[in-house]
Structure formats: C-alpha cells, structure tokens
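# Coordinate inspection notes
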Amino acid sequence: MSREARVQWFEDRYPIRGVRPARAWLQSDAPALDLSGSWRFRYSRRADLAEHFVAPGHDDTAWDTLPVPAHWQLHGYGAPAYTNVRYPFPVDPPFVPDDNPTGDYRRTFRLPVGFLAGSRAVLRFEGVDSALKVWVNGSAVGTSVGSRLPDEFDVTDLLADDRENVLAVRVHQWSSGSYLEDQDMWWLSGIFREVRLLSRPAGGLDDVFVHAGYSDGAGTLRIDTSVLARVLVPELGIDAATGTEIGVSHVEPWSAEVPRLYDAEVVTDVERVRLRVGFRAVAIVDGVFTVNGRPITLRGVNRHEFSPDRGRAVTRDEMLTDVLLMKRHNINAVRTSHYPPHPAFLDLCDEYGLWVLDECDLETHGFNVVDWRNNPSDDPLWAEALADRMRRTVERDKNHPSVILWSLGNESGTGKNLAAMAAWVRERDGSRPIHYEHDWSCPDVDVYSRMYASHTEVAAIATRSEEPLADAALDARRRGMPFVQCEYAHAMGNGPGGLVEYQELFESSPRCMGGFVWEWIDHGLRQRDPDGRERFAYGGDFSEPLHDGNFVADGLLFPDRTPSPSLHDFAAVIAQVRIEPDDGGVRISNRFDVRDLGGITVRWALEIDGLGIARGVLTVPTLGPGESALVPLPAEATRVPANSAGECWVTVTAELAHDEPWAPAGHVLSRGQVDLGARPRAEPVGGSGLTRVGPDVTFGAGTFDAASGRLLRVGAVELLGSPQLDLWRAPTDNDSGAASHWLVPTWRGLGFDRLQHRLVAVEVTDDALMVRERVAPAGTDIGFAVTFRWSGHGEALRLDVDVEPQRELPCPLPRLGLRLRLPRHLDRVEWFGRGPGEAYADTGYGTWVGRFRAGVDAMQTPYVHPQENGNRAGVRWATLTDAAGAGLRIEGVPTVDLTVRRWSTEQLDAARHTVELTDEGCLFVNLDVAQHGIGSASCGPGVLPGYELTAAAASFAVVLGELRAPAER
Ligand code: GAL
C-alpha cells in the first residue's frame, strides 16, 4: 500500500492562512486589548501532540505559565542554540525534524464593553518565532510564519462578548520559515513580541501611507488611506483630504541630525490615527547618496535585538538605551540586521534621529554549505514566501522618516525571488533606494554594498576604479552607484583595529555613503555555570551539538549594555566635530551633514603632567556642515607657569551647550589635544653605586640576588617575580581570526606561550649589574639574547634591556616587554599617559593623554571570551600603591605600555569565560615596548602593515622606584 508522504502544515513553503493583508503599524484611538502577560504554557519536544488543548473547556490547570512576550528557552524549556551559518537541522527544505520543540499557549480574556459594537476584532501578533497556529474559542483562525513580522487575524465571528474567550496558540520552533531565518544569532522561539486584540471600526483607517517629500525648504504631503479621511497637521495649518497632494511652502526637513517631526492626525468619523510626519527626500544623484539634497555619511552600526536575559524580547527601555547610547557615541545610522526590529524602535529612531536601513527578515546563508543547491532565493516554489516577507516589512514600516533604505535581507545568495522582491518594493515605494549585499553584481539594487571589504578594495571602490564585472552593462550600472559597507570593523573581543583608515576612505569620496560596524551588542546570555557563577553564555554553553562558539559575542557593547572600549574608539573616529592640533591652535571641522556647530561649546584645559593649570572657553565661528576653521588658543591656554616641569597639554573638548533629548548639556562630543611640549624636570644626578650586603647587591633602590641577578626588592617593595622578557599575550579573537588563521598556531608552534629562561652571565661592576640571559621555547633552536643592565638612578633604579632575536622569525611577535610580579595589595594604579581605557597600536582612539586612576579590577576589560585586554598605552609614569599610598613607581623611557592583572597571561589564555579568572595571589605586571596590533581578522582584514610587531633587535628602558606613603614622605 502506498502512502502519501507526510507533510505538516508548517512545512508548506507558504503556510500563511487566514492572515489579513499587511498594513502600517499605527497609533490609533480605536480600542485595543493588550494580551501580554502570563499565559498558560505546555512544552513538548515534538510537534505532533493532539490538538485537544484548543477546546475552550480543556483543563490547563496542570500547565505551567510563561510570560508573553518571551522566548521559552529562556524560561527553562529546551535550550538556546547558536549557529552562525549552518542550520541546526538537516538541509532538507522545506522539511524540519520530528524533534520540533513546540509550545502550546492558552489564555482567556473578556472583551471590554462595546468592543465589538460596529467593529471587527483583529488579533495582532507582533512577532512569533517561528510558526504559529491560532484558535479562538476552539475554532481554527489561521497559521503563519515570519518570526519578526506581524500577523493579523480577523477573529470577530469567533468571539463572545458576554463571557470569557479562550485564545489558544501552538508555536513550533522549526518550520519552512526557519530556512529563511538563518541569521547569525541564537535560535530562540515563542511569542516574543506583544499580542493585542484590536478593535477595527467599520470604515476605519486600516492602512495609512504617508508620502512626505522635501525640496529646498518646501514640503509635499500626501497621505493615502484605505478610506477617505481628513489629514490634519495643525502646525502647518493643513486640513485636507487624504489622497490629495498638499504643497507646504515652508517646512523644516527631517534628518538624523535634526529630526524634525510634525504631529499629524488622520481622521474619519470612527477613527483617529496619530502620526509623526518627517519631510525628507532620499535620492541618488550622479552616483551619490543624498537626503534633502545633501550627501550624507552613515556612521552606522548593525543592530540585532538583544537582551542578555530576554533574548530578542527586548523592552522599550532597552530600545531607548540603545538609541541614547548610539546618539551619545556619534552614531547616526542603524542597519536592522537582519530583520525588522520591534516597531517601537523605529519610532525612537524617528524621534531621536537615526538613519535606518530596514532589512527584511530573510537569510538563507546555510545553503552556502551545500553550494547553494535549492536556495529559496532562486527557487520558484519559494517565490511567494519571500515576496510575503518583503511586503510585510515595507507595509509595516513605510511611514517612518528614519527609514531611508529597504534591504531585501542578508546573505541569501542570488536569484529571481530577490529580483521579484525588489521589483515589488520599487512599485510600492519608489521613495527609498533598495539594498542587498549578497549579489555583488547588484542587478536588483540601487546601492553597491559590500561587507568586510579590505581597505585596499574600499580605496578602489571609492574612486570608482574597482575590478570590473564580467557583464559590461552591469558593471557600468554598479560603477555608477553609491557605495556602502553594510558590515565592517568586526567588533569581536578586543578591537577592531583599522577604524580610522576606513573612516578616512569613507570621507575621501562622495561615492562612499559610509558604513555599519558589525555589530552593536554582544549576544551573551546570562547563565549560571556548573559552579554556580554568573557568566555570559555563548555557543556551546547549552551543550549544542553544532555551534559557533563565541562568534556571537562581537559587539560594541557588552551583553549588559556597558560600552566596550571599541564603542569609545568608534565615537572618537566618527566624531562629527573634529578637533586637531594645527599651527599653534586647533583646527575645528564640522563633519555633520546637515547641522552647524551652533549649540556646541568648545572648551580648553591646560594641564601639566595631567594636573589642571587653567581652563576656558574657545570662541569658534558657527561652522556650517563641511566647514572648518583654524582657531588660535588664547594666551592663557599656553601660558605655562615658569617653575613648572613636565608635559604640557591643552585638551580641547566640544560639548553640548544645552540639553538635547538624547544627552544633557556638557556631554562631550569629541576631544582633541595640543602637545605644548615638556618643561624639563630635574633629572637625578648620577646613580647611587654598588653596595653589597651578604649575598645581595644593591643599586639605588634595587636589591638583587648577586648569583642569579634577580631583583628582590625596590626599596621596601618586594618583587615576587623579577622582570623577565615576555613575548606572549592571550590571543585576541582577532589574532585567531579567519584572515590571520595561521598566526596563533604559528605563535604556539614556536612556543611564545612557553618560553624558558637560561641565565648566561651575571656581572657586577661598580655602577651596574649586567645580567645576560637566553630566552627560548622548548623544542626549537630559535631564541632571544637578552641583556638587562641595572643601574642606580638617583634614588631609583634604571633597567636598560637589549633583546636580540637569534633567528629570523616567520611571524610578528605577540608582544615585546617585561613581565614582573608584585604583592597583591599594590592594587591602586595611577598613571600619566593615555587613558582612561585600553589602547593598542591600532585602537584606543577614544583615549587621551592625562592622569588617570583605577583599581586593578577596573583595569580589566571583561571581554565575554577572555583574551588580551586592558593595556594602558603611552604611560610616562605609573604608581602601584597600597591603601596607605605606598608602593612602586614605574617610569617609561620615555613611555611604556602597562598591564596589571591578578592572573597570569597563561590563565587568561586558558579561560573560556571571564568569571573563571581567579586571583593568583599577586599582581602580574607587563611593561611593554610594543604589542602586535589588533586588526579585524575575526571577520575582515588583519592588522594593517604599520601596526605589526616585527621581530627585530630592540632596546628599551624603565625606571623603578619606591613610593613611600604620603605620611612618611
Ligand atoms: C556577516 C553576517 C553577519 C555576521 C557577521 C559575522 O557575514 O552578515 O550576520 O554573521 O558576518 O559576525
């Protein structure tokens, strides 16, 4: 007997039944019932449980409860799983495994009085991952897929207005839709956005489409609606019919910099919809992307919706925090990677001002693994499923002035279905250009987009001299397009480096629209480890058989939304107010696209060795966009008191003069420094020579073991580990990245992580202690000849180091410097150098020269996956002191890089989560002459040539001294 192959409804490629046509997300005065809250919930590992639960009388008292909105995996049902490209199920489209976690949801509700009077009742789901089937009072309502897109079902005829209504929903984790939702993120399921029951008055405003244009001070407005209505914009004196083209002779345009919105209403006898209209025009003019007639530069980030506790069920507070943090860090654009965000987020973008590239909920990247066989993007069987997603994106979000580009999706290969999506968008909303990155021949789009293109390639594209496409017509078309890097500068772990060089390229050519850093936030889920310690989990921490580890933690924010150093770097690199030393003063440039520098106060502060001497305000002309001026410093800013000694710096900051909706007055937009040079200090005269005490010898403050040459004490400060050559750093995610995949294995292969030290000679003379060592890893004959020359330096101790590699090495060095160990109570650090945060050769743009203080614990950067971090660069001097203020003083000659930790590099290297790092009972101090740069190789180019640490003979010096407690000084 032959049987029909079993196909379940959610394996249909287009399993959408009973769903109302997509429409705009609207603020209406029609009644609505919020159905969020606690629902009855039953979890099953399979999808084929009988559907008895939908009956109104079904006894669900034994069920659990689950909040809506939420993901069930974050409430103890099943587990989150992280994969980047690979599907966590067989590539067998459109089928999904029988083990298909399923959640049954039930809740009851009563209708408010009059809810149904003359109205339809529409059940609206803002987001359900990934497939849902809905029943009301036991009757089937419909089915849908499309996790980050809304679904509406008309349930009027199933509702009772005199008793409790029972809503039942079955949600499956896997569906045909999962093949279209292969974004690089956690797989998380359930009703994760709100559910509401909307009253839709007969003759109401089902859909509204705002067309608000702008040109040279004048605006145009046409609001299309499903029924005839009145359009009211009181501020502009508009009272007109929908569907009519209204000219407004004077209007202020909307932009991300000046997000001018006009309150409007669309009114019928039965419904009133509130809108916030922004007048603006997006156009590509001669291959340049413009808004309101001006080229704009996107200083953007890719934003996934993420909360360490709630996954993609983000709260309004989290959305607002994101927007405020973006605005406060000079970010002006968001790509909603890779799906439409919660609609409230776009309201915030309208209100606070962010350019938005709104992306369709589509990614089929996992077909890459099977050479794109059966890729839905090119398979007619999937055409409707893809078209539907695009329609739902555009219809929902079409009224947001912040949205300036539509994106077809991400990493879904190439194909006809993408072309059809683009054609539909063009027809429906010709006012916004179309974006899609994964088809480099750009047949369907209006902008040329790439991700992680190297600096060299971007330089070629910037000048329209990129490698040609084989097809001459496509090539000509693409060469005429503006260029955007929809992803670059992969912010995974420590880094990215290379930001400045990208920004320079973006600003070098009007073809470049800028780009979007990958990505906004680390997706680390808060979790208890097996020892009960709280940590941020990444791929593998839920025992997923297939996962991509910590590739999910690659944001400018840590999972708890504290900025990582990279956010400060990015803010400095993209700062719209640029302050650079120039000809005795500062050059102030306005890099805004629209606004002038009115409302910004520029202050100066003179410091000597980081101590404030004088401060004031600079008078700066009100520079228009793109303008710059040389502003001389006033005499007081450079007047250094006669008897002072040390480095003199003038720090100039641009600050908000008044409160803005996104930051208070005084918020620093950018900073620049003018180096006035150093006023000489009295150098210690000579050095105190040799003294012998038993087996020990003393130079200046240093006491040594004469036999081994080991430093034992500096004054009263005991050394737990004498300075040794150190070449190792705990590899960063970028060190281990794809573009430098050979680097860390080479480092480990050569044994930089397990150096051995052999004393060659100790020589004591009257004025110096010379210690010669050979430092080399086991199993090879490479090695370094190291000479330490210790000598008295006034009351302090000077160490001169010469390092010479004895063989040519096939790779750069991780670091070059000294490692020493100190007592653990010297954990208060103060330094004069770059700070307050970490900096490496190609990062740290958010730091400046000053005097900073931090405890050792605060000097650690808590990258989700432990790795090299916390380096303070350009340190002139530092003190490590105890509670009484006594301890060690370190001076660079002239500078040194400083790292202080409670654990060894070896422990940092071995740990998988930050919380695993344990205090080893002492402080590990690294004093480096240099470290290898950081780069962005975790996804993108490696360290640029100028930032590599090539192995070569090197000499450097430091001075160590004892610092007595103030009471004893
Ligand atoms: C891109 C992709 C992103 C993310 C990134 C690496 O290829 O579009 O979603 O996976 O790489 O983190």
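Cut-off values and rules
- Residues numbered from 1 in each chain as written.
- Predicted model: local features only at pLDDT ≥ 70, side-chain atom pairs only at ≥ 80, totals over all residues.
- Heavy atoms only, no water.
- Domains from an automatic or database assignment.
- Contact = heavy atoms within 4.5 Å.
- Salt bridge = Lys/Arg side-chain N within 4 Å of Asp/Glu carboxyl O.
- Polar contact = N/O pair within 3.5 Å; in protein donor to acceptor, adjacent residues only side chain to side chain.
- Helix = DSSP H or I, 4+ residues; strand = E, 2+ residues; numbered from the N terminus.
- 1 Å grid on protein atoms, 1.4 Å probe; cavity = no way out; pocket = protein on both sides within 12 Å on 5 of 7 lines; lining within 4 Å.
- Points joined across faces, edges and corners; volume = space filled by probe spheres on them.
- Nonpolar A, V, L, I, M, F, W, Y, C, P; charged D, E, K, R; others polar.
- Pairing = 2+ DSSP bridges.
- Axes fitted to C-alpha atoms, helices over the stretch in contact; angles between N-to-C directions.
- Buried < 20%, exposed > 50% of the residue type's maximum accessible area, 1.4 Å probe, protein only.
- Core = buried A, V, L, I, M, F, W, Y, C linked by side-chain atoms within 4.5 Å.
- Arc of directions from axis to C-beta.
- Near = heavy atom within 4 Å.
- Areas by Shrake-Rupley, 256 points an atom, 1.4 Å probe, with all protein chains shown as cover.
- Phe/Tyr/Trp six-rings, centres within 6.5 Å; stacked < 30°, edge-to-face > 60°.

Attention now moves to the domain arrangement of the protein chain. In terms of domains, the protein chain is made up of domain 1 (4-201), domain 2 (208-283), domain 3 (294-527 + 554-571), domain 4 (576-679) and domain 5 (690-968). Listed as interface residues are eight residues of domain 4 and, on the opposing side, seven residues of domain 5. Counting across the interface, domain 4 meets domain 5 through one salt bridge. Between Arg-876 and Glu-647 there is a salt bridge; the shortest N-O distance is 2.8 Å. In this assembly, domain 4 and domain 5 are joined by three residue pairs in polar contact (both at pLDDT 80 or more). Put simply, the parts of the chain that give the side of domain 4 that touches domain 5 at least two residues each are strand 41 (646-656) and strand 42 (668-679).

With that settled, the discussion passes to the layout of surface pockets. Approximately 750 Å³ is the volume attributed to the second largest pocket. Along its surface, the second largest pocket is lined by 30 residues, and Arg-681, His-793, Arg-889, Glu-891 and Val-959 are the ones closest to its centre. Of all elements in the fold, only strand 41, strand 42, strand 52 (796-805), strand 56 (872-881), strand 57 (887-901) and strand 59 (954-963) reach the threshold of two or more residues within the lining of the second largest pocket. With six residues, strand 57 is the largest single contributor of residues to the lining of the second largest pocket. In terms of residue class, the lining of the second largest pocket is built from twelve nonpolar, six polar and twelve charged. Mapping the lining of the second largest pocket onto the domain boundaries places at least three of its residues in each of domain 4 (576-679) and domain 5 (690-968).

We now examine the sheet that holds strand 41. Spatially, four strands are ordered 39-38-41-42 in an open sheet, and the strand pairing comes out antiparallel. Pairing within the sheet leaves two strands with one partner each, and these edge strands are strand 39 (611-618) and strand 42. Neighbouring strand axes in the sheet, compared pairwise and without regard to direction, differ in orientation by 20° on average. Sheet topology note: the strand 41/strand 42 ladder contains ten bridges and is antiparallel.

This next bit is on the pattern of salt bridges. Scanning the entire structure with this criterion turns up 92 salt bridges. The salt bridge partner of Glu-252 is Arg-260, with a shortest N-O separation of 3.4 Å. The class of Arg-260 is buried, set by a relative accessible area of 19%. Residues Asp-446 and Arg-426 are paired through a salt bridge, measuring 3.0 Å at the closest nitrogen-oxygen approach. Placement of the pair is Asp-446 in the loop between strand 30 (434-435) and strand 31 (448-451) and Arg-426 in helix 4 (residues 416-428), with a sequence separation of 20 residues. Since its relative accessible area comes to 22%, Asp-446 is described here as partly exposed. Among the ionic contacts, a cluster of salt bridges with common partners joins Arg-20, Arg-23, Arg-124, Glu-126, Glu-152, Arg-196, Arg-200, Asp-206 and Glu-271.

Across the sheet, six strands lie side by side as 4-3-6-12-9-10; this open sheet has antiparallel pairing. In the strand order of this sheet, the two ends are held by strand 4 (64-68) and strand 10 (139-145), each with one partner. Each strand axis lies, on average, 30° off the axis of its neighbour in the sheet, ignoring direction. The sheet contact formed by strand 9 (residues 131-136) and strand 12 (residues 165-172) spans six bridges and is antiparallel. Each bridged residue has a counterpart across the sheet, and for Val-136 the counterpart in strand 12 is Leu-167.

Our next topic: the nonpolar core. By size, the foremost hydrophobic cluster in this structure holds 114 residues, and its most contacted members are Val-517, Trp-520, Phe-570, Val-577, Ile-588 and Val-652. Once residues within four sequence positions are removed from consideration, Val-577 is found in contact with Ile-588, Ser-589, Phe-592, Leu-597, Ile-600, Ala-654, Leu-669 and Ser-670. Leu-797, Leu-813, Phe-852 and Val-900 belong to the second-largest nonpolar core, a separate cluster that totals 60 residues.

Cis rather than trans, the peptide bond between Asp-129 and Ser-130 has omega equal to 0°. By the element assignment, Ser-130 lies in the loop between strand 8 (128-129) and strand 9. A cis geometry characterises the amide bond from Gly-835 onward to Pro-836, with omega recorded as 0°. The residue Asn-374 is not glycine, and still its phi comes out positive at about 65°. Inspection of the secondary structure puts Asn-374 in the loop between strand 28 (355-359) and helix 3 (383-397). Residue Arg-561 is not a glycine yet carries a positive backbone phi of 75°. Tracing the sequence through the fold places Arg-561 in the loop between strand 35 (534-537) and helix 8 (565-574). Arg-561 sits in the buried class, given a relative accessible area of 9%.

Moving on, we get to helix 5 (residues 455-462). The periodicity of an α-helix, 3.6 residues per turn, causes residues three or four places apart in sequence to face the same way. All of the buried residues along helix 5 are His-455, Val-458, Ile-461 and Ala-462. Taken down its axis, helix 5 places every buried residue within 120° of arc, on the same side. Where helix 5 is buried, its residues meet strand 31, strand 32 (483-488), helix 7 (499-508) and strand 33 (512-517). Immediately downstream of helix 5, the backbone of Arg-464 shows phi near 55°, a positive value.

Moving on: the site of the ligand. Residues in close proximity to the ligand include Asn-84, Asp-184, His-338, Asn-410, Glu-411, Met-451, Tyr-452, Glu-487, His-490, Trp-518, Phe-551 and Asp-554, which together make up its full environment. Asn-410 is positioned such that a nitrogen or oxygen atom in its side chain is 2.8 Å from an oxygen atom of the ligand. Within the complex, 95% of the 310 Å² of free accessible area of the ligand lies under protein. Each residue belonging to the shell around the ligand can be placed in one class, and the counts come to four nonpolar, four polar and four charged.

Further remarks concern the packing of aromatic side chains. With the rule as written, the count across this model stands at 33 aromatic pairs. For the ring pair Tyr-488 and Phe-506, a centre distance of 5.1 Å and an interplane angle of 85° mean the geometry is edge-to-face. Residue Tyr-488 is located in strand 32, and its partner Phe-506 is located in helix 7; the two are separated by 18 residues in the primary sequence. Take Phe-506: its relative accessible area is 1%, and that puts it in the buried class. Seen from their ring centres, Trp-831 and Phe-852 are 5.6 Å apart, and the 35° between their planes marks the pair as tilted. Linking Trp-831 in strand 54 (residues 828-835) with Phe-852 in strand 55 (residues 848-855), this pair joins segments that are 21 residues apart in sequence. Residue classification places Trp-831 among the buried positions, given a relative accessible area of 1%. We classify Phe-852 as buried; its relative accessible area is 11%.

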